[in-house]
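# Observations on chain architecture
Listed below are the residues making up each chain.
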Amino acid sequence: MDDDRFNLLYHVKHTRLPRPGDERQLKRLAGRLLSQPLDRGKPLWEMWLVEGLEGDRFALVTKTHHCMIDGLSGVDLVSTL
């Protein structure tokens, strides 16, 4: 069943590292993003698009509450997202 109130902007977010972003900066950013609790008033997942990595690269940082995934359901969820 589709949720008429679903807003993708609550879940897919954008940020940028200062160019040229390196792996150390990306790990520090990911640590900060993953340490913030999810909003329990919304579906319990987030995806961050991180731009600014050296070599004209980008990263996706995904965060999903453990109640939503276990084993194969986690693979299915990430492939759907």
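Residues numbered from 1 in each chain as written. Predicted model: local features only at pLDDT ≥ 70, side-chain atom pairs only at ≥ 80, totals over all residues. Heavy atoms only, no water.

### Here we look at the sheet that holds strand 2 (residues 45-53)
On the basis of which strands lie adjacent, the open sheet formed by three strands has the order 1-2-3 and mixed pairing. Of all the strands in the sheet, just strand 1 (12-21) and strand 3 (57-64) have a single pairing partner and so form its edges. Strand after strand, the sheet turns through a mean of 20 degrees between neighbouring axes, direction not considered. Strand direction decides the pairing type here: strand 2 and strand 3, joined by seven bridges, are antiparallel. By the bridge assignment, V50 is partnered in strand 3 with A59. (Pairing = 2+ DSSP bridges. Helix = DSSP H or I, 4+ residues; strand = E, 2+ residues; numbered from the N terminus. Axes fitted to C-alpha atoms, helices over the stretch in contact; angles between N-to-C directions.)

### Focus: unusual backbone geometry
In this model, R19 is joined to P20 through a cis peptide bond whose omega is -10 degrees. For P20, the location among the structural elements is in strand 1. In this model, D56 sits at a positive phi of 55 degrees, which is unusual for a non-glycine residue. Tracing the sequence through the fold places D56 in the loop between strand 2 and strand 3. On the accessibility criterion, D56 (67% relative accessible area) is exposed. (Buried < 20%, exposed > 50% of the residue type's maximum accessible area, 1.4 Å probe, protein only.)

### Comments concerning the packing of aromatic side chains
Applying the stated rule across the entire model yields zero aromatic pairs. Over the ring of Y10 we find K42, and its NZ or CZ is 4.4 Å from the ring centre. (Phe/Tyr/Trp six-rings, centres within 6.5 Å; stacked < 30°, edge-to-face > 60°. Lys NZ or Arg CZ within 6 Å of the ring centre and 35° of its normal.)

### Looking at the nonpolar core
One broad rule of soluble globular proteins: the nonpolar side chains tend to lie buried together. Membership of the largest hydrophobic core is limited to 10 residues, which are L17, L26, L29, A30, L33, W48, V50, L53, A59 and V61. Of all the secondary structure elements, the ones that give two or more residues to this core are helix 1 (23-35), strand 2 and strand 3. No other element matches helix 1, which puts four residues into this core. Not counting the four nearest positions on each side in its chain, L29 is found in contact with T15, L17 and V50. (Core = buried A, V, L, I, M, F, W, Y, C linked by side-chain atoms within 4.5 Å. Contact = heavy atoms within 4.5 Å.)

These figures capture arrangement, not role.
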